[in-house]
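Listed below are the residues making up each chain.
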Amino acid sequence: MDTKDFEQTLVLIKPDALRHSLTGYVLSQLSEFHTGLRFAGAKIVRVHRMLAEEHYAEHRGKVFFESLLEYIMGASHYPDEEWKRRVIALAYVGPGAIQKIRDIAGPTNPHEARVKRPGCIRALGTLFPVKDASGTVLDERMDNLIHASANPADAEREIKLWFKPGDLPPAMRIYESRASDEHYYYKEGKLFTAYEPGSVCLLAPGNVAWVSDIEALRLLAGGRKASCSLEAVAAKYLINE
Ligand code: ATP
Ligand code: MG
């Protein structure tokens, strides 16, 4: 089959959609009946800070960055019910998957979405003021219900960030994966190839991982620069740990 038929994209059903009981609506808008796309993977994720920071790395340093992290971590919509903080991560596959889902999602800003694309998913979103400690409004956070990958490079980075190969059925794994032949442990921002008390095992020999992650860990363990940061690799192996 043509690789175009296997285009994949990451969708996140964000905490505002869960909070406002719009999950079923979003899923039905994205269903095969409407989009011709199929599920490649699905996962309920408690988003920790490291994953949020990696996912939104391009927005680091912006005024709304901190509020964006709190939003995707669920802290904004579930301030007092920590156990409810989660997102639904979905990978969809099919021809034109990225653009099809961006079209149904609509413009980033919900107010603009309502005017320009009535009926799109984000038309049901809202804007929320971002304030400093004294209550002065600094910016507006866009609570826009879903995330959808913007282009093939982002889709690859994001699917590899939110999913391990084993989270996807073999026929749905379009990025190269293989078994690790090393141990890798993570503790407080550092990488180890042998067990350290208090560390988390990222990979053990025989665990199947994305080839790009294995390659990055090998370089980082050797003190060299890799194509991505240690946090970008470790974040997904710490999901729901
Ligand atoms: P997403 O990445 O969530 O699919 P997008 O690609 O349409 O949305 P991005 O520019 O990647 O938009 O922004 C990511 C998220 O950051 C947006 O969904 C929104 O919640 C928030 N955001 C983006 N720009 C702004 C802004 N100027 N002010 C406040 N929040 C913003
Ligand atoms: Mg984006």
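Engineer: What is the right way to read the site of ligand 1 from this model?
Structural biologist: Around ligand 1 there are 16 residues in total, and Thr108, Glu140, Met142, Asn144 and His147 lie nearest to it. Arg122 is positioned such that a nitrogen or oxygen atom in its side chain is 3.0 Å from an oxygen atom of ligand 1. Between ligand 1 and Met142, the relevant distance is 2.7 Å, taken from an oxygen atom to a main-chain nitrogen or oxygen of the residue. Computed on the free molecule, ligand 1 has an accessible area of 570 Å², of which 84% lies beneath the protein chains in the complex. Elements supplying a minimum of two residues to the shell around ligand 1: strand E5 (137-143) and strand E6 (146-148).

Engineer: How do you make sense of the packing of aromatic side chains when you look at a structure like this?
Structural biologist: To describe a pair of aromatic rings, you give the distance between the ring centres and the angle between the ring planes. As enumerated under the stated definition, the model contains 3 aromatic pairs in all. Ring geometry for Tyr175 versus Trp210: centroids 6.1 Å apart, planes at 75°, classification edge-to-face. Here Tyr175 is found in the loop between helix H8 (152-162) and strand E7 (177-179), whereas its partner Trp210 is found in strand E11 (residues 208-210), with 35 residues between them in sequence. One exposure class covers both Tyr175 and Trp210, and it is buried.

Engineer: Looking at this model, I keep getting lost on the packing of helix H9 (residues 211-221) against helix H10 (residues 230-237). Mind explaining?
Structural biologist: A packed helix pair is summarised by two numbers, namely the angle formed by the two axes and the spacing between the axes. Contact pair H9 / H10: the axes reach a minimum separation of 10 Å and the direction vectors enclose 125°. As judged from the angle between their axes, H9 and H10 are oblique. Judged by the twist between their axes, the crossing of H9 over H10 is left-handed. Contacts from Asp213, Ala216, Leu217 and Leu220 of H9 reach H10 at Leu230, Val233, Lys236 and Tyr237.

Engineer: Sorry, what's going on with the nonpolar core here?
Structural biologist: Where a protein is soluble and globular, its nonpolar side chains tend to be buried together. Membership of the largest hydrophobic core comes to 47 residues, with the highest contact counts inside it found for Val47, Trp162 and Leu202. Formed jointly, this core draws a minimum of three residues from each of two domains, domain 1 (3-164) and domain 2 (177-238). When residues no more than four places from it in sequence are discounted, the contact partners of Trp162 are Leu10, Leu12, Lys43, Val45, Val47, Leu51, His55, Val87, Ala89, Asp167 and Ile239. Counting 20 residues, the second largest nonpolar core, distinct from the first, contains Ala17, Leu18, Tyr92 and Ala105.

Engineer: Looking at this model, I keep getting lost on helix H5 (residues 65-72). Mind explaining?
Structural biologist: Spacing of three or four residues puts side chains on the same side of an α-helix, whose turn is 3.6 residues. Burial analysis of H5 places 6 of its 8 residues in the buried class, which makes it a mostly covered element. Those residues of H5 hidden inside the fold are in contact with strand E1 (8-13), helix H1 (15-19), helix H4 (49-55), strand E3 (87-93), strand E4 (126-131) and E5. Phi turns positive, to about 90°, at Gly74, one or two residues after H5.

Engineer: Help me understand the sheet that holds strand E9 (residues 190-192), please; the structure alone is not making it clear to me.
Structural biologist: Strand pairing in a sheet takes place through backbone hydrogen bonds and is either antiparallel or parallel in direction. Taken in spatial order, the 3 strands of this open sheet run E9-E8-E10, and their pairing is antiparallel. Strands with a single pairing partner mark the edges of an open sheet, and in this sheet they are E9 and strand E10 (200-203). Averaged over neighbouring strand pairs, the angle between their axes works out to 35° when direction is ignored. The sheet contact formed by strand E8 (residues 184-187) and E9 spans 3 bridges and is antiparallel. Within E9, the residue paired with Tyr186 across the bridge is Leu191.

Engineer: Any chance you could explain the domain arrangement of the protein chain here in plain terms?
Structural biologist: Note: interface size is frequently given as the accessible area lost on complex formation between the parts. Domain boundaries in the protein chain define domain 1 (3-164) and domain 2 (177-238). Here the C-alpha centroids of domain 1 and domain 2 sit 27 Å apart. With 8 residues of domain 1 at the interface, the matching set in domain 2 holds 11 residues. With both chains or domains summed, domain 1 and domain 2 bury close to 940 Å², and 66% of this area falls on carbon and sulfur atoms. Ranking the residues of domain 1 by area buried against domain 2 places Met50, Lys160 and Lys164 at the top, with a combined share of 58%. For the pair domain 1 and domain 2, the interface holds 0 salt bridges. Among the secondary structure elements, those contributing two or more residues to the side of domain 1 that touches domain 2 are H4 and H8. Residue contributions to the side of domain 1 that touches domain 2 peak at 3 residues, all from H4. For the side of domain 1 that touches domain 2, the per-class residue count stands at 4 nonpolar, 1 polar and 3 charged.

Engineer: Please clarify how the pairing of E3 should be interpreted in this entry.
Structural biologist: On a regular strand, one side chain projects to one face of the sheet and the next to the other, so that they alternate. Along E3, 7 of the 7 residues are buried, which leaves the element largely enclosed by surrounding structure. With burial as the criterion, each face of E3 is covered, one bearing Val87, Ala89, Ala91 and Val93 and the other bearing Ile88, Leu90 and Tyr92. Pairing of E1 with E3 involves 6 bridges; the strand directions are antiparallel. Looking at the pairing, Leu12 lines up with Ala89 of E3. Pairing of strand E2 (residues 38-45) with E3 involves 7 bridges; the strand directions are antiparallel.

What counts, and at which threshold
- Residues numbered from 1 in each chain as written.
- Chains lettered and ligands numbered in written order.
- Predicted model: local features only at pLDDT ≥ 70, side-chain atom pairs only at ≥ 80, totals over all residues.
- Heavy atoms only, no water.
- Near = heavy atom within 4 Å.
- Polar contact = N/O pair within 3.5 Å; in protein donor to acceptor, adjacent residues only side chain to side chain.
- Areas by Shrake-Rupley, 256 points an atom, 1.4 Å probe, with all protein chains shown as cover.
- Helix = DSSP H or I, 4+ residues; strand = E, 2+ residues; numbered from the N terminus.
- Phe/Tyr/Trp six-rings, centres within 6.5 Å; stacked < 30°, edge-to-face > 60°.
- Buried < 20%, exposed > 50% of the residue type's maximum accessible area, 1.4 Å probe, protein only.
- Axes fitted to C-alpha atoms, helices over the stretch in contact; angles between N-to-C directions.
- Parallel < 35°, antiparallel > 145°, perpendicular 65-115°, else oblique.
- Left-handed = near helix turned anticlockwise from the far one by under 90°.
- Contact = heavy atoms within 4.5 Å.
- Core = buried A, V, L, I, M, F, W, Y, C linked by side-chain atoms within 4.5 Å.
- Domains from an automatic or database assignment.
- Pairing = 2+ DSSP bridges.
- Buried area = accessible area lost by both parts, 1.4 Å probe.
- Salt bridge = Lys/Arg side-chain N within 4 Å of Asp/Glu carboxyl O.
- Nonpolar A, V, L, I, M, F, W, Y, C, P; charged D, E, K, R; others polar.

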